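Next come the chains, spelled out residue by residue.
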Amino acid sequence: MQETAAEKNFYWKLFKSTFVISAFTIGGGFVIIPLLKAKFVDEYKWLDDKDALNLVAIAQSAPGVVAANSAIILGYRMGGLLGTLVALLATILPPLITLTLISYAYDSFAHNQYIQLLLKGMQCGATAIIINVAIDLLRKELKKKLTLPLVIIAGTFIANYFFNVNLMYAVIVDAIIGFFLLRDKKYA
């Protein structure tokens, strides 16, 4: 954390990047995850893949909005308490501004055919981003050639898609399996 926070203009970079990510995250909190990875892991190299995955897993399992939880955890990890405040403020400002503007012209937005089409297009883009992350995760696990993680991925998909098992229950079961069966260093 000290190396990251000591970087020149760190808090401004954190605010600006988190603000932009939040402004363009359409489709729910889970869409923010690949964007955070692209910015903080791939571009800035403030986190590695494993740290980002662990922090996002905690954010998803904590009560509250995934985007806000991610901002709190990532901000704290990268810049302490001030990093938390900066990332959280940058995450909540875009939706707050957008909703405030929309509330003034709600009737115009709600019944506008072009706005409806625009929103449908944004949903498609969000879906593509989530699918891309899933494929990347699957590729990484396939490269490791370990059976248990692949069984967990397949089992979770089958349980949710074919048997409509609530994803939160599947995540809890996956966490228990991970805790007891994936402790070996080969799974890291």
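Refer to the structure presented above.
Residues numbered from 1 in each chain as written. Predicted model: local features only at pLDDT ≥ 70, side-chain atom pairs only at ≥ 80, totals over all residues. Heavy atoms only, no water.

### Overview of unusual backbone geometry
For Lys 145, which is not a glycine, the phi torsion comes out positive at approximately 55 degrees. By the element assignment, Lys 145 lies in the loop between α7 (113-144) and α8 (147-163). On the accessibility criterion, Lys 145 (71% relative accessible area) is exposed. The backbone phi angle of Asn 164 is positive, close to 55 degrees, even though this residue is not glycine. With respect to the secondary-structure elements, Asn 164 resides in the loop between α8 and α9 (167-181). Taking the relative accessible area as the measure of exposure, Asn 164 reaches 67% and is therefore exposed. (Helix = DSSP H or I, 4+ residues; strand = E, 2+ residues; numbered from the N terminus. Buried < 20%, exposed > 50% of the residue type's maximum accessible area, 1.4 Å probe, protein only.)

### A closer look at empty space enclosed by the protein
By the definition in use, this model includes one cavity of 30 Å³ or more. For the largest cavity, the calculated volume is near 40 Å³. Lining the largest cavity are Ile 33, Leu 36, Lys 37, Phe 40, Val 41, Leu 47, Ala 52, Val 56 and Leu 74. The set of elements that each furnish at least two residues to the lining of the largest cavity consists of α3 (32-43) and α4 (49-61). Here the element with the most residues in the lining of the largest cavity is α3; it accounts for five residues. (1 Å grid on protein atoms, 1.4 Å probe; cavity = no way out; pocket = protein on both sides within 12 Å on 5 of 7 lines; lining within 4 Å. Points joined across faces, edges and corners; volume = space filled by probe spheres on them.)

In short, geometric facts, not functional conclusions.
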